[in-house]
Amino acid sequence: MHEHESLYLDGAWVRPAGGATLAVISPDTEERIGTVPVAGESEVDAAVAAAGRALRAPEWAGLSPEQRSGLLLGFAAELEKNAGERAALTTIQNGMPISIATAAEGAGPVGILQYFAMLGAQPAEERRTRPDGRGVTVVRKEPVGVVAIVVPWNFPQVLTMFKLAPALAAGCTVVLKPSPETTLDALELAATAERAGLPAGVLNVVTGGADLGAYLVAHPGVQKVAFTGSTAAGRKIGEVCGRLLRPVTLELGGKSAAIVLDDADLATTVQGLATSSLLNTGQTCYLSTRILAPRARHDEVLAAVSGLASALTIGDPLDPATHLGPLVSDRQRQKVEQYVALGKDSGATLAAGGGRPDRDRGWYVQPTVFGGVDNGSRLAREEIFGPVLTVIPYDGVDEAVALANDSDYGLGGTIWTTDVEKGLDVARRVESGSVGVNFYDLDVNAPFGGVKASGVGRELGPEGLAAYQQLKSIYLGQEISA
Ligand code: NAD
């Protein structure tokens, strides 16, 4: 059992005044595996105040970029020590297969933090001579301030680190609100930061639901919001931040397309689709869940994708051989099953799955594939967030691109071809924040984010650091010594 009574606020473990708790439930056994306290508004106030003090405290604000970078590298080293434990915590809470959790949730945050520690070591000031020679301007990169980080349950550790690492590297301080489904790993992250010697108030963790998140993002002591989650919640947060003129990064939902070109090698394509379309049992924002196939090859593609879905191992997420685990919650399974029912009624061909696997407990569904799907149908337009794939026929590459772009979303996407140059040409035409050719994997050194209803702003890469820095220009009438 994972029993917690305290939250991490201002460098100390504090029992919330309200006494409310949240049960942590295993999606595999449906049994309680732990309890965490729920923060109230007074704990959020305390966390924001602590972050505000830490922002100006000499222990943090007084560090040079090199010193801060060194501290963050120490934090990364601590994270490396408990990588296995953090990966397992994610798996027992959200059902992510442990093979994925080990790489993404265990090791992933270590590499991201090391990368931003390296970027953050650069000098914060630059001197620019005016083009007309009338003096010099000092351009400073300053921390944007107290950052509210709100994350979902699907990749809790890595999505937190997409925000926490650049925020800290820029000199910001943070109040993190994890999703109610994944709190244990967030508290472990706080304990790791404490062991690494992060000064009090630099990272604070408050646990609770959407109402607490709404209170945090609108808090007057917050200067920036970084959110990953649903488009519906993102719109609400965007409205609040717009009214407050508060910078915000929104990483939202997706319904990306895999364009299988007429020259694609299906064996390679299907092997790639196993991760780029079904990773984490379909609970990944960028997945290419609309598979666009040349009409002449539609049945062949449908058979290959159905073969893949039927061959995947469904089971205990802690078993390294498992490809697909349970969905995160009963609510999520009900949502996915509603879409499967919709697909069955829509006239599309059910080619694989469509039900539950033979297990007596856990929120499992079979990976499901529909063929002959209309791109205008709800099955093709709405984010399902489960292992449900649609195969959609197209006539000619122009129509493939048009179908890929005919979506409210624009987050990921893939092109499958034996001609990489041709794949690159098609990728350039896809309206999306990222596209993979014969492969899809995020790059810590390249910006990630969405267009249209998939979000605003970018994470990762130097652009991801810039989102936590504000610029100040100090005009000097004459040159001063360096
Ligand atoms: P969600 O939007 O319901 O919740 C996400 C987080 O926001 C939770 O911590 C929740 O408590 C909080 N929250 C909800 N409403 C809020 C509000 N009005 N104000 C402040 N906080 C609020 O999403 P979810 O169901 O937990 O996660 C799944 C969604 O996340 C999917 O739509 C998926 O596509 C998206 N996602 C996007 C990315 C990306 O990078 N674009 C990555 C992973 C997941």
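Each value, and the rule that gives it
Residue positions are given per chain, counted from 1 along the sequence in the order it is written. Local features are withheld for residues below a pLDDT of 70 in this predicted model, meaning they are given only at 70 or higher, and side-chain atom pairs are given and counted only at 80 or more; totals for whole chains, interfaces and linings count all residues. For the side-chain quantities, the full set of heavy atoms in the structure was used; hydrogens and water were omitted. UniProt positions are given in the numbering used here, feature names are shortened, and annotations may be inferred rather than shown by experiment. The helix count covers DSSP runs of H or I at least four residues long, the strand count covers runs of E at least two residues long, and both are numbered beginning at the N terminus. Residue exposure (1.4 Å probe, protein chains only): buried if accessible area is under 20% of the type maximum, exposed if over 50%, otherwise partly exposed. Pairs of residues are marked as contacts when any of their non-hydrogen atoms sit within 4.5 Å. Helix axes are fitted only over the stretch in contact, all axes being lines through C-alpha atoms; the angle between N-to-C directions runs from 0 to 180 degrees. Orientation labels follow simple angle bins: below 35 degrees gives roughly parallel, above 145 gives roughly antiparallel, 65 to 115 gives roughly perpendicular, and whatever is left gives oblique. Crossing handedness: left-handed means the near helix sits turned counterclockwise from the far one by under a right angle, and right-handed means the same turn made clockwise. Under this grouping Gly is polar, as are all residues other than the nonpolar Ala, Val, Leu, Ile, Met, Phe, Trp, Tyr, Cys and Pro and the charged Asp, Glu, Lys and Arg. Here a residue is considered near a molecule or strand provided that any single heavy atom belonging to it is located within 4 Å of it. Each polar contact in these results corresponds to two N or O atoms within 3.5 Å; when the atoms are within protein, one needs to be able to donate a hydrogen and the other to accept it, and residues that are neighboring in sequence are counted only if both atoms are side-chain atoms. To measure how exposed things are, a 1.4 Å probe is used in the Shrake-Rupley method; for residues, cover is taken only from the protein chains shown.

The positions that UniProt labels "active site" (unreviewed entry) are, in the present scheme, Glu-251. Relative to the assigned elements, Glu-251 resides in strand E12 (residues 248–251). For Glu-251, a relative accessible area of 3% translates into the label buried. Residues in contact with Glu-251, not counting those within four places in the same chain, are Phe-227, Thr-228, Gly-229, Leu-411, Phe-448, Gly-449, Gly-450, Ser-454, Gly-457, Arg-458 and Glu-459.

Look at helix H4 (residues 83–94) against helix H7 (residues 184–195): their axes get within 8 Å of each other, and the N-to-C directions meet at 160 degrees. Comparing the axis directions of H4 and H7 gives the class roughly antiparallel. Regarding H4 and H7, the two cross each other, and that crossing is right-handed. The residues of H7 that touch H4, namely those facing Glu-85, Arg-86, Leu-89, Thr-90 and Gln-93, are Leu-184, Asp-185 and Glu-188. Tallied by class, the residues present in the contact of H4 with H7 amount to 2 nonpolar, 2 polar and 4 charged.

With respect to spatial proximity, 28 residues lie near the ligand, and among them Val-151, Ser-230, Leu-252, Cys-285 and Glu-383 are the closest. In this structure, an oxygen atom belonging to the ligand sits 2.8 Å away from a main-chain N or O atom of Val-151. For the ligand, an oxygen atom lies 3.3 Å from a polar atom in the backbone of Gly-229. For the ligand, whose accessible area on its own is 850 Å², the fraction buried by protein is 89%. Breaking the shell around the ligand down by element, the ones donating at least two residues are helix H8 (210–217), strand E11 (224–228) and helix H9 (231–244). It is H8 that contributes the most residues to the shell around the ligand, 3 residues altogether.

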